[in-house]
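Spelled out from the first residue to the last, the chains are:
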Amino acid sequence: SGGPCALRVPPPTDLALVLVLPPLLCVLHLPGANAYGVCLGLLVCLPARLATGEPQLGLQEVLRWPGYTHLVPAGHSRQVFPFRTALCLANLALIAGAS
């Protein structure tokens, strides 16, 4: 019911997987996890996630993962690489490494 300026956000599971789940797991299971690691993971993974593109926000993909396909007749593109999982694991590694 929103007008042309209505902001549509991506599904909460996407952002939760990439940005919220890794810090939560580290806080619960990694005794040395601290805010420095969480901030570094957020500063690296959030721009990478946004650079991958989000059609619901109108963001074009800048970062193309392996297996990227561009369907010319339909004018649509698709990331077939599991980039959300890769960013989640990268976030975990950054938090553990920087803490």
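Check the entry above for the structure.
The shown structure was predicted, so the numbers you read here are calculated from the model rather than taken from an experiment. (Residues numbered from 1 in each chain as written. Predicted model: local features only at pLDDT ≥ 70, side-chain atom pairs only at ≥ 80, totals over all residues. Heavy atoms only, no water.)

S.K.: Honestly, the state of the cysteines in this entry has me stumped. Any pointers?
M.R.: Each disulfide consists of a covalent bond between the sulfur atoms of two cysteine residues. Under the definition given, this model contains 0 disulfides. Free cysteine: C45, not disulfide-bonded; nearest cysteine sulfur from C88 at 8.5 Å. (Disulfide = S-S within 2.5 Å.)

S.K.: Help me understand the nonpolar core, please; the structure alone is not making it clear to me.
M.R.: As a rule of thumb, soluble globular proteins bury nonpolar side chains together. Counting residues in each nonpolar core, the largest one holds 7 residues, listed as V18, L19, C45, A48, W65, F83 and L87. Mapped onto this core, the elements with two or more residues apiece are α1 (12-29), α2 (35-51) and α3 (83-98). In this view, V18 contacts C45, R49, R84, L87 and N91; residues no more than four positions away in its chain are not counted. (Core = buried A, V, L, I, M, F, W, Y, C linked by side-chain atoms within 4.5 Å. Buried < 20%, exposed > 50% of the residue type's maximum accessible area, 1.4 Å probe, protein only. Helix = DSSP H or I, 4+ residues; strand = E, 2+ residues; numbered from the N terminus. Contact = heavy atoms within 4.5 Å.)

S.K.: Looking at this model, I keep getting lost on α2. Mind explaining?
M.R.: Working note: α-helix, 3.6 residues per turn, so residues spaced by three or four point in the same direction. The terminal C-alpha atoms of α2 lie 24 Å apart, and with 17 residues this matches the ideal 24 Å at 1.5 Å per residue to within 8%. By the burial criterion, the buried members of α2 are G37, G41, C45, A48 and R49. Down the axis of α2, the smallest arc covering the buried residues is 95°, so these residues share one side. Among the exposed residues of α2, those oriented more than 90 degrees off its buried face are A35, Y36 and L43. (Expected span 1.5 Å × (residues − 1). Arc of directions from axis to C-beta.)

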